[in-house]
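One-letter residues, chain by chain:
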Amino acid sequence: PDEGNDESDVYRSPALRKLFSKFVNAVGCAVVGLHDSSKLVPMLTQLGARHINYGVNEAHWETLGKAFKSALREILRESFTQEGEGAW
């Protein structure tokens, strides 16, 4: 079997890596756009509309938030403070 297409290993999943890259890009764009809501609001509105079409619903956000905080904690280590976690 082609190990590059094995989606059972979340740490090596090409699809999950691509999705994570898109997520990090969206968060980065949102952070950069905080100073200009005239650009940020339409971008986030379009993003939300696309995700409704993907079948994402409110129940998914808690899981996403936990995964995101876990990733930040792992990457930032001691730099990821309680204050920073609370901000997310």
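Keep in mind that what you see is a predicted model, and the values were worked out from it rather than measured. (Residues numbered from 1 in each chain as written. Predicted model: local features only at pLDDT ≥ 70, side-chain atom pairs only at ≥ 80, totals over all residues. Heavy atoms only, no water.)

Participant: Tell me what's going on with the overall build of the chain, and back it up with residues and numbers.
Facilitator: Looking only at helices and strands, the chain has four helices and zero strands in total. Walking the chain from its N terminus toward its C terminus, one meets helices and strands in the order α-α-α-α. If you line up the chain on its principal axes, its C-alpha atoms span 50 × 35 × 25 Å. Within the chain, buried positions represent 9% of all 88 residues. Sequence separation of 24 or more characterises 19% of the internal contacts of the chain that already satisfy a separation of 6 or more. Here the chain has roughly 7500 Å² of accessible surface; of this, 58% comes from carbon and sulfur atoms. Positive and negative side-chain charges in the chain, numbering 10 and 12 respectively, have mean positions lying 5 Å apart. (Helix = DSSP H or I, 4+ residues; strand = E, 2+ residues; numbered from the N terminus. Buried < 20%, exposed > 50% of the residue type's maximum accessible area, 1.4 Å probe, protein only. Contact = heavy atoms within 4.5 Å. Areas by Shrake-Rupley, 256 points an atom, 1.4 Å probe, with all protein chains shown as cover. Lys, Arg positive; Asp, Glu negative; His and termini not counted. Charge placed at Lys NZ, Arg CZ, Asp CG, Glu CD.)

Participant: Which residues make up the pattern of salt bridges, and what values do they have?
Facilitator: Per the stated rule, a full pass over the model turns up two salt bridges. A salt bridge links E62 to K66, with the shortest nitrogen-to-oxygen separation between them at 3.4 Å. Taken together, the residues E62 and K66, both in helix α3 (residues 58–76) and four residues apart, mark about one turn of the helix. For the residue pair E62 and K66, the accessibility class agrees, reading exposed in each case. Measuring nitrogen to oxygen at the nearest pair gives 2.8 Å for the salt bridge that ties R73 to E85. (Salt bridge = Lys/Arg side-chain N within 4 Å of Asp/Glu carboxyl O.)

Participant: Provide a residue-level description of the side chain of S13, including the pertinent values.
Facilitator: Tracing the sequence through the fold places S13 in the segment before α1 (14–32). The class of S13 is buried, set by a relative accessible area of 2%. Polar side-chain contacts of S13 include one of 3.0 Å to the backbone nitrogen of L16. (Polar contact = N/O pair within 3.5 Å; in protein donor to acceptor, adjacent residues only side chain to side chain.)

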